[in-house]
Amino acid sequence: MASRLESLNQWVSEVAALTTPDEIVWCDGSEQQSEALKAQMLANGDLLELNQETHPGCYLHRSDPKDVARVEHLTFVCTSDKADAGPNNHWMDPAAAHAKIDGLFAGCMRGRTMYVIPYCMGPIDSPFSRCGVEITDSPYVVENMRLMTRMGTPALQRIESEGSFVKGLHSIGELDPERRFIMHFPEELTIKSYGSGYGGNALLGKKCHALRLASWQARDQGWLAEHMLIVGVQSPQGDTHYIAAAFPSACGKTNLAMLIPPETHPGWKVWTVGDDICWMHPGKDGRLWAINPESGFFGVAPGTGEKTNPNAVAMLDRDAIFTNVGVTADNQPWWEGLSDQQPVKDWQGRDYQPGNGPAAHPNARFTVSMRQCNSFSPEADNPAGVPISAIVFGGRRASLIPLVFEARDWAHGVLVGASMASETTAAATGAVGVVRRDPMAMKPFCGYNFGDYWQHWLKVGAGLSNPPRVFHVNWFRKSAEGRFMWPGFGDNLRVLQWMIDRCDGRAQGRQEPIGVLPAEGELNTEGLDIAPQVLDELLTVDSEGWRAELEAIGEYMAGFGERCPPQLQAERERTENALN
Ligand code: SAT
Ligand code: MN
């Protein structure tokens, strides 16, 4: 017996009977256990040592080349009523799903060790945190979970006193894409994942628990589980506003979360509370209070460099796991956009040849504790969370969508979030660069019917006496020549500054049919190298284009039938009428 909680021991025994591992190890989160696991992985090639002089405690993992991203087409939400999963999810009948995946799990851990990982999503002492146990046969998953969650003995103690937990069963199986499923049973608070060792497919605390299952729990319990970064923006006067921002995977959440203010902004400081997931609860003061359920970053490596994200580069020189990056001649990790050094090996361990494609896989990742980040906010450990002043939605849109606009009010903000769209990225398998609807950046992560989810958003907002303001941004507008029109990165602070001016009543804004845009002179462009006509274009509302966009949004929402809240269609019509 390894736990004081009988239901946990019982489940571990059942899983062991099904998967028949040689050995069972309970993970306590200790340094000792972690060192032993790493030594074992170094011995069997799961991990490769990187240059320990330049990168102490850093290791490289090369995944199976056919296992490099989330697999949305193999990800299922298994609810007793299909309509509860909604058109936004792949669905399977729960009994059929269990039968199918248990067939794969049968005997799959023979010759392997089964690890039992108790973890807590959120600060151990926060009432907003939720716990789970992941069972896995991948030591790489154990080490990643140790960085990404509060894992081990304190989590187990909380689970034992609460008596309930999310059950996550994972096996890498044969890493065969034909024998791969990521299944969610929200009614049973259970996840079963087979056949992949990569990221969100395998680190079950992240997308599977903290978004798909948590969004379901949040709906029942009156809170929001969202795909958002959380930052504190401190002004030279010393006041800090917390902002939560939703962008699809690989659209710059990590960069925005660690933003370094431009030289024109002395005295400004950005604090990182989280870079991917945000749980928000209505507070007694009528505001939304947010925690980051994670304790580490699983960030996209390519494109991360001194210019784009110096804070990330600085935190990656020690105690980090790199997955599918290249290496230099002196065995340092390398990816496109990092430095002028040349790679000698690519992500598959082949001699680097440009003809083979990039040295790092486009979805190559780093895993690191958030405590290593220079901009880490101690508020990330605050059990009460941080109060949210603004919610920001955004996607990659080459045309139409202005640099920034503010929704009229909460209900309009829900429409703005629900009608988000973005070009697809390498974070999931499939075509890259195709514009698709990605409401609240939750398309791959909402554990239930989007119609119900939008209704829940409306309900939560209606109960807030002091709701956050809601904005939409687009850092990715391109000129006719295909060049980005907005410099982005540190200069995005200028846009956040305008939002804070709106929150504090310093900026009047300009009323437009789609919402409120910065009035002439309100966006701080001091020292910014941008042509006035480019800025104009970034802040223009193209009525013609928007009419077409609203029509497409209407069609998209109609796909959710009766479950789509009439209030949302009404908001859409309001905008449409204003445009006409
Ligand atoms: O692979 S993950 O789902 O963890 C990363 C992402 O897509 O955001
Ligand atoms: Mn993400």
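Data block above holds the structure.
Sequence order sets the numbering: in each chain, residues are counted from 1 along the sequence as written. To label them, take the chains in the order written and letter them from A, then take the ligands in the order written and number them from 1. Owing to the predicted nature of the model, reporting of local features is limited to residues with pLDDT of at least 70; listing and counting of side-chain atom pairs is limited to 80 or more, with chain, interface and lining totals taken over all residues. Side-chain measures were taken over the full set of non-hydrogen atoms in the model, leaving aside hydrogen atoms and water.

Enquirer: Looking at this structure, how should I read the pattern of salt bridges?
Expert: Opposite charge on two side chains makes pairing possible when the charged atoms of those side chains draw close. For this analysis, a salt bridge means a side-chain nitrogen from Lys or Arg found within 4 Å of a carboxyl oxygen belonging to Asp or Glu. In this structure the tally under the stated criterion is 35 salt bridges. Here Asp276 ties to Lys206 by a salt bridge, and the two come within 2.8 Å at their closest N and O atoms. Here Asp276, found in the loop between strand E15 (269-274) and strand E16 (278-282), pairs with Lys206, found in helix H8 (residues 205-221); they are 70 residues apart in sequence, far enough to count as distant. The residues Asp276 and Lys206 share a single accessibility class, namely buried. By sharing partners, the salt bridges in this structure join Lys206, Lys207, Lys253, Asp276 and Glu294 into a single network. We count a stretch as a helix when DSSP gives it H or I for four or more residues in a row; a strand needs E for two or more, and each element gets its number in order from the N terminus. Residue burial is assigned from relative accessible area. The probe radius is 1.4 Å, only protein chains are included, and a residue is buried under 20% of its type maximum, exposed over 50%, and partly exposed in between.

Enquirer: Can you walk me through the coordination of the manganese ion (ligand 2) in this structure?
Expert: Tetrahedral metal sites with four donors have an ideal angle of 109.5 degrees; octahedral sites with six donors have ideal angles of 90 or 180 degrees. Only nitrogen, oxygen and sulfur atoms qualify as donors, provided they sit within 2.8 Å of the metal or within 3.2 Å for Na, K and Ca; with water excluded from the atoms, sites may seem incomplete. Around the manganese ion (ligand 2), the protein contributes the donor atoms Lys207 (NZ), His227 (NE2) and Asp276 (OD), which lie 1.9 to 2.2 Å from the metal centre. In primary sequence terms, the donor set of the manganese ion (ligand 2) follows K-x19-H-x48-D. With Lys207 in helix H8 and Asp276 in the loop between E15 and E16, this pair connects stretches of sequence that are 69 residues apart. Neither Lys207 nor Asp276 differs from the other in exposure class; each is buried.

Enquirer: Just to check I follow, could you spell out the sheet that holds strand E20 (residues 326-328) for this structure?
Expert: The rule for pairing is simple: two strands pair if DSSP sees at least two bridges between them. Pairing within the open sheet is antiparallel, and its 3 strands lie in the order E21-E20-E22. The outermost strands of the open sheet, each flanked by one partner alone, are strand E21 (333-334) and strand E22 (343-345). In this sheet, E22 lies alongside E20 in antiparallel orientation, the contact comprising 2 bridges. Looking across to E22, one finds that Thr328 is bridged to Pro343.

Enquirer: Would you mind showing me how to read the packing of aromatic side chains here?
Expert: Centre distance within 6.5 Å is the pairing criterion for rings of Phe, Tyr and Trp, where only the six-membered ring of Trp is used; planes under 30 degrees apart are then read as stacked, over 60 as edge-to-face, and the remainder as tilted. Counting across every chain of the model gives 21 aromatic pairs. The interplanar angle of 50 degrees and the centroid separation of 5.8 Å between the aromatic rings of Phe393 and Trp457 together place this pair among those described as tilted. Of this pair, Phe393 sits in strand E24 (residues 386-394) while Trp457 sits in helix H12 (residues 450-462), and the two are 64 residues apart along the sequence. The class of Phe393 is buried, set by a relative accessible area of 0%. When its relative accessible area of 1% is taken as the criterion, Trp457 is described as buried. When the centroid spacing of 5.5 Å and the interplanar angle of 10 degrees are considered together, the rings of Phe450 and Trp454 count as stacked. Of the two residues, Phe450 and Trp454 are both situated in helix H12; the distance of 4 residues between them amounts to about one turn of the helix.

Enquirer: Before we go on, may I ask you to explain the packing of helix H11 (residues 410-418) against helix H16 (residues 566-579) in this structure?
Expert: Helix packing for two helices is described by the angle between their axes and how far apart those axes are. Between N-to-C directions, angles cover 0 to 180 degrees, with each direction set by a line fitted to C-alpha atoms, over the stretch in contact for helices. Two numbers describe how H11 lies on H16: the axes approach to 9 Å, and their chain directions differ by 90 degrees. When the interaxial angle is binned, H11 and H16 end up roughly perpendicular. Here Ala411, His412, Val414, Leu415 and Ala418 of H11 lie close against H16, whose contacting residues are Gln567, Leu568, Glu571, Arg572 and Thr575. Amino acids are sorted into nonpolar (Ala, Val, Leu, Ile, Met, Phe, Trp, Tyr, Cys and Pro), charged (Asp, Glu, Lys and Arg) and polar (every other residue, Gly among them). For the contact of H11 with H16, the residue count by class is 5 nonpolar, 3 polar and 2 charged. For classification, angles of less than 35 degrees are called roughly parallel, those exceeding 145 degrees roughly antiparallel, those between 65 and 115 degrees roughly perpendicular, and all remaining angles oblique. It only takes one pair of heavy atoms within 4.5 Å for two residues to be counted as in contact.

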